[in-house]
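# Structure at a glance
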Amino acid sequence: MHSIAKHVRITGRVQGVAYRAWAQSEAQRLGLTGWVRNKPDGSVEAIAAGPDKAVEQLITACWSGPGSASVRDVQAAPADDPALPGFEIRR
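Presented here is an overview of the structure given in this document. Residue positions are given per chain, counted from 1 along the sequence in the order it is written. Local features in this predicted model are restricted to residues whose pLDDT is 70 or higher, and side-chain atom pairs enter the listing and the counts only when it is 80 or higher, whereas totals over whole chains, interfaces and linings include all residues. Each side-chain value is derived from all of the structure's non-hydrogen atoms; neither hydrogens nor water enter the calculation.

### Looking at the environment of proline 40
Under the convention used in this document: Each helix is a run of H or I in the DSSP string that is no shorter than four residues. Each strand is a run of E no shorter than two, and both are numbered from the N terminus.
In this structure, proline 40 sits in the loop between β2 (33-38) and β3 (44-51). As a C-alpha pair, proline 40 and glutamine 15 span 25 residues in sequence and 10 Å in three-dimensional space.

Right, here's the structure in full:
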């Protein structure tokens, strides 16, 4: 099992729609570690680390997000593993 970390940036209507809570729930379901937070420009960013297939599943799911979100774009790039014990929501 190969472990990776990715920095993900999600744009569209992704703030004020419980996107961070949804992302945290999805990441925890997939057994990932990392964090998610809102950005001042209206986007959401996250770092997700864990088995490569699980990280890719989260990135794919980010295109849908919670029901009230309207995702315009999802960009993912390699990142350093944040070495956190779980997946947290940051302010």
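### With respect to the sheet that holds strand β4 (residues 70-78)
Put simply, the test is: In this scheme, strands are said to pair when DSSP sees at least two bridges between them. With axes taken as lines fitted to C-alpha atoms, and helix axes fitted only over the stretch in contact, angles between N-to-C directions fall between 0 and 180 degrees. Residues are treated as being in contact if the distance between any of their heavy atoms lies within 4.5 Å.
If you trace the five strands from one edge of the open sheet to the other, you get β4-β1-β3-β2-β5, paired in mixed fashion. Because the sheet does not close on itself, it has two edges, and the strands there are β4 and β5 (87-90). Each neighbouring strand pair of the sheet contributes to a mean axis angle of 20 degrees, computed without reference to strand direction. Where helix α1 (residues 19-29) meets the sheet, it contacts β1 (3-13), β2, β3, β4 and β5, and its direction lies at approximately 170 degrees from that of β5.

### A look at the nonpolar core
So the rule is basically this: In these notes, a set of buried Ala, Val, Leu, Ile, Met, Phe, Trp, Tyr and Cys residues joined through side-chain atoms within 4.5 Å is what counts as a nonpolar core. We call a residue buried when its accessible area falls under 20% of the maximum for its residue type, exposed when it is over 50%, and partly exposed in between, using a 1.4 Å probe and counting protein chains only.
One finds Ile10, Tyr19, Leu32, Leu58, Cys62 and Val74 to be the most contacted residues of the largest nonpolar core, which totals 25 residues. Within the residue set of this core, elements represented by two or more residues are β1, α1, β3, α2 (52-62) and β4. Among the elements that make up this core, the one with the highest residue count is α2 (six residues). Apart from residues lying up to four places away in sequence, leucine 58 is in contact with Ala23, Glu26, Ala27, Leu30, Leu32 and Ala48.

### Brief notes about the side chain of serine 43
Among the structural elements, serine 43 can be located in the loop between β2 and β3. Apart from residues lying up to four places away in sequence, serine 43 is in contact with Arg9, Ile10, Thr11, Val14, Gln15, Arg37 and Asn38.

### Describing the pattern of salt bridges
Here is the rule we go by: By convention in these notes, a salt bridge is any Lys or Arg side-chain nitrogen within 4 Å of a carboxyl oxygen on Asp or Glu.
Under the definition given, this model contains six salt bridges. For glutamate 45, the salt bridge goes to lysine 39, with nearest N and O atoms at 3.7 Å. Judged by its relative accessible area of 6%, glutamate 45 falls in the buried class. Judged by its relative accessible area of 28%, lysine 39 falls in the partly exposed class. With a closest N to O distance of 2.8 Å, glutamate 88 and arginine 90 form a salt bridge. Note on glutamate 88: relative accessible area 33%, which makes it partly exposed.

### What about unusual backbone geometry?
Glycine aside, the phi torsion of most residues is negative, and most peptide linkages are trans. If you check the backbone angles, alanine 18 has positive phi at about 65 degrees while not being a glycine. Inspection of the secondary structure assignment puts alanine 18 in the loop between β1 and α1. A positive phi angle, near 50 degrees, is found at alanine 83, a position not held by glycine. As for its position among the elements, alanine 83 is in the loop between β4 and β5. For alanine 83, a relative accessible area of 66% gives the class exposed.

These figures come from the coordinates and say nothing about function on their own.
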